Amino acid sequence: MAQHVIPVRTYLVVFISLLVLLVMTVVATRIEHGVLNIVVALTIAGTKAALIVLFFMHVKYNAFVIRLAVVAGFFWLAILLTFTLGDYMTRGEISDDTTNKVGGTSTADPRKAEHRLL
Amino acid sequence: MSLHVAHHFDDAEQQFDAAKLGMWLFLATEILFFGGMFLGYAVYRYNYAAAFAEGSSHLHFWLGTINTAVLLCSSLTIALAVRSSQLNDARGTVRLLVATSVLGLVFLGIKGYEYYDKITNHQFPGEAFVLTELHNPEVNPNHVELFYSIYFAMTGFHALHMVIGVGLVGYVGWLANQGRFSAEYYTPMEMTGLYWHFVDIVWVFLYPLLYLIG
């Protein structure tokens, strides 16, 4: 069974990169980007995850069928997040203010259970 | 110990690939298991952003950061351990697995202290929940309690997975010590490594989402 043996140096480079990314995460928190904060934080976390998956978990050196299974797992999570957040984030604010609504009056009544966010 | 290739596989490599495939399918269920909780977090944070920032500000920033570094280091040691088992280095494998479990226990110890601190300061959700000093007096304390529910649920499940991981590392360490692994067969090592790295990745996302809001 000829399995690729990854050199220690590769693992060390990946590890140092992960620590650098961790430092970047901490530094980025100190700098206020407004709504971009979460984008920056998740991008750095995603990069760390990608490094761990590709190198520590050997996926870079694995056969296609295994890489497919890896992608599938994260793809299913993406479906879950996209559709559910797409729903919650487009429900509109609950408000008694009926002015400036597209089409005129708002029909969302905060007293009705089906119009409440949660 | 010579490798036994089961009759339904063409060769050892295919058998190993099948094991990896199976493990990744299990990890896919774990991705969705934690994913569901991440989703709950996302919905509540979206609706109660200020309360979540408040709750996050009461967490121990540096302990969380140190714990992240500890887990990243443990991923390195276990990756090196799997490599050692590939190279017939039983002693090196055992040493690296011991290092991995020590780091895992350090993580759990720090987490345990954080929990102890939170619980004794009445920051555990429930009847005893009391918020004393608020950085932002306009937040709804019920929503901050919600943040803590999510914090304890997610880090709690993560810690449970860590405990299981430490057990697995101990088990393959025992096998490695018996000289069971070689370039020909180190599947249990690879599987344990995959599990451990996955639990690390969950924390890599938990850390910024819980500790670094605002």
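Predicted, not measured: the structure shown is a model, and the values here were computed from it.

Another point: the overall build of chain B. Secondary structure summary: chain B contains six helices and zero strands in total. Along chain B, helices (α) and strands (β) appear in the sequence α-α-α-α-α-α when read from the amino end. Out of the 214 residues belonging to chain B, those deemed buried represent 55%. In chain B, the proportion of contacts linking residues at least 24 apart, taken out of those at least 6 apart, comes to 81%. Summed over all atoms, the accessible surface of chain B reaches about 9,000 Å², with 63% contributed by carbon and sulfur. Across chain B, the centroid of the 8 positively charged side chains sits 10 Å from that of the 16 negatively charged ones.

On to the nonpolar core. Among the nonpolar cores identified, the biggest contains 86 residues, and Phe56 and Met57 of chain A together with Trp24 of chain B are the most heavily contacted of them. Take this core: its biggest share by element is 16 residues, from helix H6 (residues 187–211) of chain B. In this view, Phe56 of chain A contacts Tyr11, Val14, Phe15, Leu18 and Leu51 of chain A together with Leu72, Ser75, Leu76, Ala79 and His197 of chain B; residues no more than four positions away in its chain are not counted.

Next up on the list: the interface of chain B and chain A. Facing 54 residues of chain B, the contacting portion of chain A comprises 48 residues. Summed over both partners, the interface of chain B with chain A buries about 4,400 Å², with 80% contributed by carbon and sulfur atoms. Joining chain B to chain A, the criterion identifies four residue pairs in polar contact (both at pLDDT 80 or more). Counting residues per element, the ones that place at least two in the side of chain B that touches chain A are helix H1 (12–47), helix H3 (61–86) and H6 of chain B. In terms of residue class, the side of chain B that touches chain A is made up of 37 nonpolar, nine polar and eight charged.

The next point concerns the environment of Asn177 of chain B. Residue and element names in this part refer to chain B. As for its placement among the helices and strands, Asn177 is situated in helix H5 (residues 141–177). Accessibility expressed as a relative area gives 58% for Asn177, which makes it exposed. Each C-alpha atom, one on Asn177 and one on Asp89, is 9.9 Å from the other, the two residues being 88 residues apart in sequence.

Turning next to a nonpolar patch on the surface. Taken together, Val71, Phe75, Trp76, Ile79 and Phe83 of chain A together with Leu25 and Leu32 of chain B make up a surface patch of nonpolar side chains, about 700 Å² in accessible area. When residues of the nonpolar patch are traced back to their parent elements, those giving at least two are helix H3 (64–88) of chain A together with H1 of chain B. Considering each element in turn, the nonpolar patch owes the most residues, five residues, to H3 of chain A. Judged by relative accessible area, which is 32%, Leu32 of chain B ranks as partly exposed.

Despite not being glycine, His58 of chain A shows a phi value in the positive range, around 65 degrees. Mapped onto the elements, His58 of chain A comes out in the loop between helix H2 (36–56) and H3. Note on His58 of chain A: relative accessible area 10%, which makes it buried. The residue Asn88 of chain B is not glycine, and still its phi comes out positive at about 60 degrees. Note on placement: Asn88 of chain B falls in the loop between H3 and helix H4 (90–120). Classification of Asn88 of chain B as exposed rests on a relative accessible area of 51%.

Conventions used here
Residues numbered from 1 in each chain as written. Chains lettered and ligands numbered in written order. Predicted model: local features only at pLDDT ≥ 70, side-chain atom pairs only at ≥ 80, totals over all residues. Heavy atoms only, no water. Helix = DSSP H or I, 4+ residues; strand = E, 2+ residues; numbered from the N terminus. Buried < 20%, exposed > 50% of the residue type's maximum accessible area, 1.4 Å probe, protein only. Contact = heavy atoms within 4.5 Å. Areas by Shrake-Rupley, 256 points an atom, 1.4 Å probe, with all protein chains shown as cover. Lys, Arg positive; Asp, Glu negative; His and termini not counted. Charge placed at Lys NZ, Arg CZ, Asp CG, Glu CD. Core = buried A, V, L, I, M, F, W, Y, C linked by side-chain atoms within 4.5 Å. Buried area = accessible area lost by both parts, 1.4 Å probe. Polar contact = N/O pair within 3.5 Å; in protein donor to acceptor, adjacent residues only side chain to side chain. Nonpolar A, V, L, I, M, F, W, Y, C, P; charged D, E, K, R; others polar. Patch = residues over 30% accessible without salt bridge, like charges linked within 9 Å, V, L, I, M, F, W, Y side chains within 5 Å. Salt bridge = Lys/Arg side-chain N within 4 Å of Asp/Glu carboxyl O.

Don't take any of this as a statement about function, it's just geometry.
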